[in-house]
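Summary of the model geometry
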Amino acid sequence: MNFPGIKEDCETFLGLFQATDTVRYEEFLSIWKEMKFNTIFYGGMRSLESNRFTRELFSVVSAYFLPPYTFQIRVGAMYLMYGLYNTQLCQPKQKIRIALKNWTDVEQLHQELISAQHLDAVYIYRQLRLMRAFYFTGMPTMLTFKPQKSIKPEESREEFMEKKDRVADLITSESLEEIMNIQEHYQKTKGHLSANRSQPDKALSLIKEDFTDNLQSVVEEYQFWKQEKAVSKKK
């Protein structure tokens, strides 16, 4: 990064927006005015340096517009791109690079905004489209050749990320099928052992016959609860 401090400033802004626990544009605008964020361009830079600065600024902000960041952070990044695009000093205006591979995620966010009736956010998104603010590219950043030792991995704030679904990772369709196969093998083995005994052995009744069905039912209830919670949080 050629302009130190950009990432920190953007994360500070998004952190304040996250603290509002809403995606209302008026809350964003309040933070924007309080921080006087439009003055980020007032550095007395010449035209060439101003273009480079603006491109890098959009590169930083647009990363938060995509997964794996939370719904609120992504909306906040969209608002931030809208504000920066309209207040930049470059002529002609620098555009926001969006790789084609990420466009599905952008459209999905747009549909989520419509479904949750966040009309202010939908309006801002459509304004960005109408202004042709997005520049569709093969890669999210410009391709440059740098020595391998000079490339440092970008660190992201964990509180901006979507929380991993441990249940979904643990209980998958494949794992349920495997459990079902193990249970079926267990029941067959249990039947063979019981056939050779005059009295049934209680030690052979370790697993309920409907264990897999009950487990799947619990997972489905959890997924439904999680979906309902996500919908209510976006309202």
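Look up: the structure comes first, before these words.
Attention here is on the structure that accompanies the text. (Residues numbered from 1 in each chain as written. Predicted model: local features only at pLDDT ≥ 70, side-chain atom pairs only at ≥ 80, totals over all residues. Heavy atoms only, no water.)

Some thoughts on the packing of aromatic side chains
All chains considered together, the criterion is met by 17 aromatic pairs. Aromatic pair Phe17 and Phe28: ring centres 6.5 Å apart, planes at 80 degrees, arrangement edge-to-face. Remark: Phe28 occurs in helix α2 (residues 25-35) and Phe17 occurs in helix α1 (residues 6-19); sequence separation between them is 11 residues. Relative accessible area serves as the criterion here: at 0%, Phe17 is assigned to the buried category. Residue class for Phe28 comes out buried when judged on its relative accessible area of 1%. (Phe/Tyr/Trp six-rings, centres within 6.5 Å; stacked < 30°, edge-to-face > 60°. Helix = DSSP H or I, 4+ residues; strand = E, 2+ residues; numbered from the N terminus. Buried < 20%, exposed > 50% of the residue type's maximum accessible area, 1.4 Å probe, protein only.)

What to know about the nonpolar core
Leu57, Phe65, Val75, Met78 and Leu84 are the most contacted members of the largest nonpolar core, which totals 47 residues. Listing elements by their share of this core, those giving two or more residues are α1, α2, α3 (47-63), α4 (71-87), β1 (96-99), α5 (103-115) and α6 (119-130). Top contributing element to this core by residue count: α4, with 11 residues. (Core = buried A, V, L, I, M, F, W, Y, C linked by side-chain atoms within 4.5 Å.)

So, α4
Its 17 residues give α4 an end-to-end C-alpha distance of 25 Å, which sits within 8% of 24 Å, the value for a rise of 1.5 Å per residue. Of all 17 residues in α4, 15 are buried; the element is thus mostly enclosed. (Expected span 1.5 Å × (residues − 1).)

What to know about the environment of Val122
Here Val122 lies in helix α6. A residue is classified by how much of its surface remains accessible, and Val122, at 6% relative accessible area, is buried. The spatial distance from the C-alpha of Val122 to the C-alpha of Glu112 is 9.5 Å, given a sequence separation of 10 residues.

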